[in-house]
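These are the residues of each chain, in order.
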Amino acid sequence: MGEMNEQAHRLLLEQRKTLSLGGVQDVKSFDENEVLLVTVCGVLTIRGKELHVGRLELEKGEADIEGSIDSLVYTEHGPQQKKGSALARLFR
């Protein structure tokens, strides 16, 4: 029915150590302190320590992140794109 093209976004955080996600479209970047994911609800920045992508299945839109998770932050665009847009708005 129309859900084949757009997957539902979901988050399941267990004990701040395991994060299971649905609705993941792409991985922008990742290292042990930060993971940036493109989701159907915007860019999700996951910050913590000793982070790693345990499972990534983009065809299903699913991912698992493991480590010590400190924060989850959504933005409409990537952090660098957002800065550029704000700067462009200042000079209009």
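Refer to the structure presented above.
Keep in mind the model is a prediction, meaning the values are calculated, not measured.

Focus on the side chain of Ser20
Thinking step 1. The topology assignment puts Ser20 in strand β2 (residues 18-22).
Thinking step 2. Looking at Ser20, the relative accessible area reads 15%, which means it is buried.
Thinking step 3. Polar contacts involving the side chain of Ser20 include one to the side chain of Asp64, which spans 3.2 Å.
Thinking step 4. Those residues within four positions of Ser20 in sequence are excluded, and the remaining contacts are Arg10, Leu11, Leu12, Ala63 and Asp64.

What to know about the sheet that holds strand β3 (residues 24-30)
Thinking step 1. One open sheet accounts for six strands, arranged β1-β2-β6-β5-β4-β3; its pairing is antiparallel. Looking at which strands have only one partner, the edges of the open sheet turn out to be β1 (10-14) and β3. Ignoring strand direction, the axes of neighbouring strands in this sheet form an average angle of 35°.

A closer look at a nonpolar patch on the surface
Thinking step 1. On the surface, Leu11, Leu13, Leu72 and Tyr74 cluster together into a nonpolar patch covering about 310 Å² of accessible area.
Thinking step 2. If you list the elements that add at least two residues to the nonpolar patch, you get β1 and β6 (62-75).
Thinking step 3. Mapped onto the elements, Leu13 comes out in strand β1.

Points about the nonpolar core
Thinking step 1. Formed by Leu19, Leu21, Val24, Val27, Val35, Leu37, Leu44, Ile46, Leu51, Ala63, Ile65 and Ile69, the largest nonpolar core amounts to 12 residues.
Thinking step 2. Taken together, the elements giving at least two residues each to this core come down to β2, β3, β4 (34-39), β5 (42-57) and β6.
Thinking step 3. Ignoring sequence-local partners within four residues, the contact set of Val27 consists of Leu36, Leu37 and Leu56.

The rules behind the values
Position numbers for residues start from 1 in each chain and track the written sequence from start to end. Given that this is a predicted model, residues contribute local features only at a pLDDT of at least 70 and side-chain atom pairs are listed and counted only at 80 or more, while totals for whole chains, interfaces and linings are drawn from all residues. Computation of side-chain values covers all heavy atoms of the structure but excludes hydrogens and water. In this text, helices come from DSSP runs of H or I with a minimum length of four residues, and strands from runs of E with a minimum of two, each type numbered from the N-terminal end. Burial classes follow relative accessibility: with a 1.4 Å probe on protein chains only, a residue under 20% of its type's maximum area counts as buried, one over 50% as exposed, and anything between as partly exposed. Contacts described as polar in this section are N or O atom pairs within 3.5 Å, which, within protein, must combine one atom able to donate a hydrogen with one able to accept it, while residues neighboring in sequence count only if both atoms come from side chains. In what follows, residue pairs with any heavy atoms lying within 4.5 Å of each other are defined as contacts. Only strands joined by at least two bridges in the DSSP assignment are considered to pair. Here an angle of 0 to 180 degrees is reported between the N-to-C directions of two axes, which are lines fitted to C-alpha atoms, with helices fitted over the stretch in contact. Within this analysis, patches are made of residues with over 30% relative accessible area and no salt bridge. Like charges are joined at 9 Å or less; nonpolar side chains (Val, Leu, Ile, Met, Phe, Trp, Tyr) at 5 Å or less. The method behind every accessible area is Shrake-Rupley, applied with a 1.4 Å probe, and residues are considered shielded solely by the protein chains displayed. In what follows, salt bridge is the name for a side-chain nitrogen of Lys or Arg lying within 4 Å of a carboxyl oxygen of Asp or Glu. To form a nonpolar core, buried Ala, Val, Leu, Ile, Met, Phe, Trp, Tyr and Cys residues must be joined to one another through side-chain atoms within 4.5 Å.

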